[in-house]
Amino acid sequence: MAALRVSSALASTSCSSSSSSFHCYPSVFTKFRSSPIWAFSISVTPLCSRRAKRMAHSIARATLGLTQPNQSDAPKISFAAKEIDLVEWKGDILAVGATEKDLARDENSKFQNPLLQKLDSKLSGLLSEASSEEDFSGKSGQSTILRLPGLGSKRIALVGLGSSTSSAAAYRSLGEVAAAAAKSAQASNIAVALASTDGLSAELKLSSASAIATGAVLGIFEDNRFKSESKKPTLKSLDILGLGTGPEIEKKIKYAADVCAGVILGRELVNAPANVLTPAVLAEEAKKIASTYSDVFSANILDVEQCKELKMGSYLAVAAASANPAYFIHLSYKPTGGEIKKKIALVGKGLTFDSGGYNIKTGPGCSIELMKFDMGGAAAVLGAAKALGEIKPAGVEVHFIVAACENMISGTGMRPGDIITASNGKTIEVNNTDAEGRLTLADALVYACNQGVEKIVDLATLTGACVVALGPSIAGIFTPSDDLAKEVVAASEVSGEKLWRMPMEESYWDSMKSGVADMANTGGRQGGAITAALFLKQFVDEKVQWMHIDLAGPVWSEKKKNATGFGVSTLVEWVLKNSTN
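Residues numbered from 1 in each chain as written. Predicted model: local features only at pLDDT ≥ 70, side-chain atom pairs only at ≥ 80, totals over all residues. Heavy atoms only, no water.

The chain appears in an unreviewed UniProt entry as Leucine aminopeptidase 2, chloroplastic from Datura stramonium. One UniProt comment on the chain, placed under Subunit (unreviewed entry), says "Homohexamer (dimer of homotrimers)." (UniProt positions renumbered as here; feature names shortened; annotations may be inferred.)

Next comes the structure, spelled out in structure tokens:
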């Protein structure tokens, strides 16, 4: 049989540097169209005609409803780190990040901060007057954009950073606000500066510049692939003022661009609907990463028959009802040289759609229309893989694992009451087919342990209970290892993503006991996120340090009605902490 061909736009992040500026191009998600820029072939042998037909059907389902993603034109932003007088900078918008302390006034209601004083003097006192009228006090989330004559810039924006000690999240927000202002004003060049750098060490200046660049790239990005009309961003350049110049800050800005490429890929994967992003298409995205970074990556994609040989009964039971076959994704990252000192694994839940199965999601608040985001863990893992392909850390081997499938309803699907057997031999009574993510992760975790890794972090949109406990912005983390908890939390503090460690109360396991199998797949309503983590623990080797991250809340922004790319930045930081770099 002839090879089946999937065509996609190849979009890797590229950054070129010249002196102290960088031109960074965020990645674009795969686009299916008739005239490919890049093509990847899947060859199917004549001996597997039945499998070939099933795969052909899955590729065809990717165009259900005749929906094809439009070309995603990634914004091209040139970053430059400069040390110049803010008064002399010429451009469209000058954005100044100011803390509440920076906004302190004297008895004449004038700024005490030297930089704001200088700007205000140049503007004949209009800046202090206008900011008072706008009631701008530097609180986090506040911003005001003013069009005042007298500066080299056409507009000046004041952005609140909150308390005097600002976090990575505050600086990233500064970049986002500046980018949003540029988008609104159709500006092509902007500059970002801090009202005060007092107390900022050289390292903090670098991380602040990185956070600002990250915020700008992610702030300007819009996923318009599924809109018939969209405006292209006009922002072409962003100058970061007053935080230093030279190779160190250039390296930090490039790093920010590399991570942003991964975050954008993660967002686009989650945003893609289930009629476009099937398990087969997700597997193709993984293959594309391996192809793009073939010097450090290799891909091993297992089909259903190969998963049967590995006795992945738990995973395959979830996939059994879907017309789109399951694909088990395994990407391996190995640096080109040097000694491997750490072997770690990132495991992501990969449900490209979750109907709930026979325990179908029904009623208000069930969010069945959002269940395309049930592969948010897989998106974070593949986004991190893309970023690490650009960064290429030394001394660490990383395995990226996703058990991709759909949870649908048919005569072949698993039923409530069925008993299934995972690849480690443990049996599970399925008392709820909507608790399917943990069933796919069970076999994925066993597979990860078999790779000889020392540490595993899994990510999953696993439970509504975690959203109830922590709200929409914070992910819950579960681990028996204090050391691993410290590592990942430290990485999240750099990335600005919010994590909260939850207890693993072993006494709750009693609710997961079954009278006819080793365990049930759910317990009672109370402590649902904890019992889910305790379930996963049954499939992890005791010698392996393991953490489960439940990101059901922060994977999606209800306000923006868009994916967030949550998890990518923290995973990259954590891998680098395990690297010799």
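J.: Tell me what's going on with the packing of aromatic side chains, and back it up with residues and numbers.
T.: All chains considered together, the criterion is met by six aromatic pairs. Centre to centre, the rings of F373 and W556 are 6.1 Å apart; their planes meet at 45 degrees, and the pair counts as tilted. You can see F373 sitting in the loop between β13 (342-354) and α10 (376-391) and its partner W556 sitting in strand β22 (residues 556-557), a full 183 residues away along the chain. Of the two residues, F373 and W556, neither departs from the other in class, the shared state being buried. Ring plane angle 50 degrees and centroid distance 5.2 Å describe the contact between F535 and F539, whose orientation is recorded as tilted. Each of the two residues, F535 as well as F539, counts as buried. Following the ring pairs from residue to residue traces out a cluster consisting of F297, Y333 and F400. (Phe/Tyr/Trp six-rings, centres within 6.5 Å; stacked < 30°, edge-to-face > 60°. Helix = DSSP H or I, 4+ residues; strand = E, 2+ residues; numbered from the N terminus. Buried < 20%, exposed > 50% of the residue type's maximum accessible area, 1.4 Å probe, protein only.)

J.: Give a detailed account of the nonpolar core, specifying residues and quantitative values.
T.: Counting residues in hydrophobic clusters, the biggest one holds 107 residues, and the most contacted among them are F297, L346, F400 and V572. Looking at this core, the element that brings in the most residues is helix α6 (residues 247-271), giving 11 residues. Residues contacting F297, with those up to four places away along its chain left out, are I289, A290, L331, S332, Y333, A385, G389 and F400. (Core = buried A, V, L, I, M, F, W, Y, C linked by side-chain atoms within 4.5 Å. Contact = heavy atoms within 4.5 Å.)

J.: Before we move on, could you go through the sheet that holds strand β20 (residues 519-520) and cite the residues and values that matter?
T.: Strands sit in the order β15-β16-β20 across an open sheet of three strands; the sheet is mixed. On the outer flanks of this sheet lie β15 (419-421) and β20, each paired with one strand and no other. Where strand β16 (residues 427-429) and β20 come together, two bridges link them in parallel fashion. By the bridge assignment, I428 is partnered in β20 with M519. (Pairing = 2+ DSSP bridges.)

J.: Account for helix α14 (residues 528-537), naming residues and giving values.
T.: Of all 10 residues making up α14, nine are buried, and the element is well covered by its neighbours. Those residues of α14 not exposed but buried are G528, A529, I530, T531, A532, A533, L534, F535 and L536.

J.: How would you explain the layout of surface pockets if you had to name every residue and give the values?
T.: Counted as a void, the second largest pocket has a volume near 1100 Å³. Lining the second largest pocket are 37 residues, with K361, L462, T463, G464 and A465 sitting closest to its centre. Broken down by secondary-structure element, the contributors of at least two residues to the lining of the second largest pocket are β13, α11 (437-449), α12 (464-470) and α14. With three residues, the single largest contributor to the lining of the second largest pocket is α12. For the lining of the second largest pocket, the class distribution of residues is 13 nonpolar, 15 polar and nine charged. (1 Å grid on protein atoms, 1.4 Å probe; cavity = no way out; pocket = protein on both sides within 12 Å on 5 of 7 lines; lining within 4 Å. Points joined across faces, edges and corners; volume = space filled by probe spheres on them. Nonpolar A, V, L, I, M, F, W, Y, C, P; charged D, E, K, R; others polar.)

J.: Explain the packing of α10 against helix α15 (residues 568-577) to me, and be specific about the residues and the numbers.
T.: At a minimum axis separation of 8 Å, α10 and α15 run at an interaxial angle of 50 degrees. By the angle between their directions, the pair α10 and α15 is classed as oblique. Between α10 and α15 lies a crossing of right-handed hand. Contacts between α10 and α15 involve A379, A380, V381, G383, A384, A387, L388 and I391 from the former and V568, L571, V572, V575 and L576 from the latter. Partitioning the contact of α10 with α15 into residue classes produces 12 nonpolar, one polar and no charged. (Axes fitted to C-alpha atoms, helices over the stretch in contact; angles between N-to-C directions. Parallel < 35°, antiparallel > 145°, perpendicular 65-115°, else oblique. Left-handed = near helix turned anticlockwise from the far one by under 90°.)

J.: Could you give me a rundown of the UniProt feature "domain: Cytosol aminopeptidase" (unreviewed entry) in the chain, with the residues and numbers involved?
T.: UniProt tags residues 432-439 as "domain: Cytosol aminopeptidase" (unreviewed entry). Across residues 432-439, the secondary structure splits into 38% helix and 0% strand, with the terminal C-alpha atoms separated by 11 Å.

J.: Any details on a nonpolar patch on the surface? Residues and values, ideally.
T.: A cluster of nonpolar side chains, namely Y358, I360 and I409, defines an oily patch on the protein surface of about 260 Å² accessible area. In this fold, I360 is placed in the loop between β13 and α10. On the basis of relative accessibility, which here comes to 41%, the residue I360 falls in the partly exposed class. (Patch = residues over 30% accessible without salt bridge, like charges linked within 9 Å, V, L, I, M, F, W, Y side chains within 5 Å. Areas by Shrake-Rupley, 256 points an atom, 1.4 Å probe, with all protein chains shown as cover. Salt bridge = Lys/Arg side-chain N within 4 Å of Asp/Glu carboxyl O.)

J.: Pulling in residues and values, what's your account of the pairing of strand β21 (residues 545-550)?
T.: Burial analysis of β21 places five of its six residues in the buried class, which makes it a mostly covered element. Pairing geometry for strand β17 (residues 455-460) and β21, over six bridges, is parallel. Paired with L459 across the bridge in β21 is I549. Inspection of the sheet shows strand β18 (residues 475-478) paired to β21 by three bridges, in the antiparallel sense. Of the residues in β21, the one forming a bridge with F478 is H548.

J.: Describe the pattern of salt bridges, naming the residues involved and giving the relevant values.
T.: Taken as a whole, this structure holds 20 salt bridges when the rule is applied. Among the ionic pairs, K82 bridges to D239, the shortest N-O distance being 3.1 Å. Of this pair, K82 sits in strand β5 (residues 77-82) while D239 sits in strand β10 (residues 237-241); the two residues are 157 residues apart in sequence, bridging distant segments of the chain. For K82, a relative accessible area of 32% puts it in the partly exposed group. For D239, a relative accessible area of 9% translates into the label buried. Put simply, K254 and D258 hold a salt bridge, and the shortest N to O gap is 2.9 Å. With K254 and D258 both in helix α6, this residue pair falls four residues apart, about one helical turn. By relative accessible area, K254 is classed as partly exposed at 25%. Overall, D258 belongs to the buried group, its relative accessible area being 2%. Overlapping salt bridges, with partners in common, bring together D223, R225 and E268 in one network.

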